[in-house]
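Working through the structure, step by step
Letter by letter, the chains look like this.
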Amino acid sequence: MNVLILAAGTRNKVVQYFRKAFENEGNVIAADASKLAPAIYDADKYYIVPPITADGYIDTILEICKKEKIDGVLSLIDPELSLLAENSEKFKAVGATVIGSSYALCEMSLDKMKMYEWLTAHGYRCARSWKDKNEFYKAADAGEVKYPVFVKPHKGSASISISKVCDKESIDVLFAHEDGLMIQEYLDGQEIGADVYVDIISGEVVSVFTKKKLKMRAGETDKAVSFKDDRLFALIEKFVIEAGFSGQVDIDIFEIDGQYFISEVNPRFGGGYPHAYECGCDHMKLILENLRGNANKKNIGNYEEGVYMMKYNEIMMRKDIDEKNTCIG
Ligand SMILES: Nc1ncnc2c1ncn2[C@@H]1O[C@H](COP(=O)(O)OP(=O)(O)O)[C@@H](O)[C@H]1O
Ligand SMILES: [Mg+2]
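Let's talk about the overall build of the chain
Scanning the chain for helices and strands turns up eleven helices and 15 strands. The globule rule puts the C-alpha radius of gyration for 329 residues at 20 Å, and the 20 Å found for the chain is close to it. For the chain, the residues scored as buried account for 50% of the 329 residues in total. Nonlocal contacts in the chain, meaning residues at least 24 apart in sequence, comprise 64% of its contacts between residues at least 6 apart. Surface summary for the chain: the accessible area is close to 15,800 Å², and the carbon and sulfur share equals 49%. With 41 positive and 52 negative side-chain charges, the chain shows a separation of 3 Å between the mean positions of the two kinds.

As structure tokens, then:
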């Protein structure tokens, strides 16, 4: 079995974990648009590919799949998830399974307003949200929502352009300077991250890892601690099954007074996944088993509680990077 990791970027650990799982199985191939993406150098082989927006990008990836006899392909960045899902039949035709969710679900996850609408329609607790600031002002005047509120781009990522806002004037200023913003009730509680694997053969949730986020830095979890709560596992399972997610899913949740609010979903390996893996939730092995055509057994919450994750910096040094050469195979 061979696997292709697209937009590998700086996710060296994810590449290393795949290599460990695929050690006696086959190759882990990585691709990125940049030769300076350190994670590609941890793969068995790497490709420098055009940006995902380039004409013929998918054809380039399909060629790599054919050449390397790729069985499973996945991406580590949000904008590529829908693109892979949309072309999953083409990948199937060359023998590669797209490890990810459907096109509709990838699109819904990208758009926080669409996700809010789905969550409320299906009875899940979440932050009330408005795209139209005048609708929000009406709700605020009626006393339905109180300041502070949270303003963020409805299609944002990496915590860019997020603000905690205490008055109407600040909302007016933010909306005057940027399009595509939304207003959310402020969730004042414990932030939680969940790393979930939905078996792509059986469709069942087979692994869930949850952690309390203790410190965030530059949009990523910097320090966290593992914990377990059966009530949360049950909520996560119900949610991912009802929505129809598949493969790896990363979910942001808030806990307020014992109640769980679903905040954001990224249907891919999140930046904090190494915490789950190091605690024993090896989702690369689950992917390998799925690619072999076998379903995995349900194994939810099989990890230790109270294990702390502290991120720190690493660097990679190389001399063999040819800045002119655009396609290293
Ligand atoms: N409604 C909210 N109330 C309080 N904090 C929020 C709210 N929405 C987002 N945040 C904070 O902002 C961060 C980024 O927001 P999120 O919706 O996860 O977008 P993204 O991760 O795509 O940038 C979250 O991790 C959380 O710390
Ligand atoms: Mg988030």
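Details of the coordination of the magnesium ion (ligand 2)
The protein atoms donating to the magnesium ion (ligand 2) are Asp252 (OD) and Glu264 (OE), with metal-donor distances spanning 2.1 to 2.3 Å. Separated by twelve residues along the polypeptide, Asp252 in strand β13 (residues 247-256) and Glu264 in strand β14 (residues 259-266) bring together distant segments of the chain. Here Asp252 matches Glu264 in class, with each residue buried.

Brief notes about the domain arrangement of the chain
Taken domain by domain, the chain comprises domain 1 (3-100), domain 2 (128-185) and domain 3 (188-310). A separation of 37 Å is found between the C-alpha centroids of domain 1 and domain 2.

Section: the sheet that holds strand β1 (residues 3-6)
Read from one edge to the other, the open sheet built from five strands follows the order β3-β2-β1-β4-β5, with strand pairing classed as parallel. Every other strand in the sheet has two partners, leaving β3 (45-48) and β5 (97-98) as the edge strands with one partner each. Where strand β4 (residues 72-75) and β5 come together, two bridges link them in parallel fashion. Residue pairing for β5: Val73 is matched across the bridge by Val98.

Let's talk about the packing of aromatic side chains
Given two aromatic rings, their pairing is described by the distance between the two centres and the angle made by the two planes. On inspection of all chains with the given rule, the structure shows 17 aromatic pairs. The interplanar angle of 80 degrees and the centroid separation of 5.9 Å between the aromatic rings of Phe18 and Phe269 together place this pair among those described as edge-to-face. Pair noted here: Phe18 is in helix α1 (residues 12-21) and Phe269 is in the loop between β14 and α10 (273-278), with a separation of 251 residues, a long-range link. For Phe18, a relative accessible area of 0% corresponds to the buried category.

What about the environment of Ile99?
Position of Ile99 among the secondary structure elements: in the loop between β5 and α5 (103-110). Along the sequence, Ile99 and Val73 sit 26 residues apart, while their C-alpha atoms lie 5.9 Å from each other. Ignoring any residue separated from it by four or fewer positions in sequence, one finds Ile99 in contact with Val3, Gly72, Val73, Leu74, Tyr197, Ile200, Ile287 and Leu291.

Criteria and thresholds
- Residues numbered from 1 in each chain as written.
- Chains lettered and ligands numbered in written order.
- Predicted model: local features only at pLDDT ≥ 70, side-chain atom pairs only at ≥ 80, totals over all residues.
- Heavy atoms only, no water.
- Helix = DSSP H or I, 4+ residues; strand = E, 2+ residues; numbered from the N terminus.
- Rg over C-alpha atoms; globule rule 2.2 N^0.38 Å.
- Buried < 20%, exposed > 50% of the residue type's maximum accessible area, 1.4 Å probe, protein only.
- Contact = heavy atoms within 4.5 Å.
- Areas by Shrake-Rupley, 256 points an atom, 1.4 Å probe, with all protein chains shown as cover.
- Lys, Arg positive; Asp, Glu negative; His and termini not counted.
- Charge placed at Lys NZ, Arg CZ, Asp CG, Glu CD.
- Donors = N, O, S within 2.8 Å, 3.2 Å for Na, K, Ca; no water.
- Domains from an automatic or database assignment.
- Pairing = 2+ DSSP bridges.
- Phe/Tyr/Trp six-rings, centres within 6.5 Å; stacked < 30°, edge-to-face > 60°.

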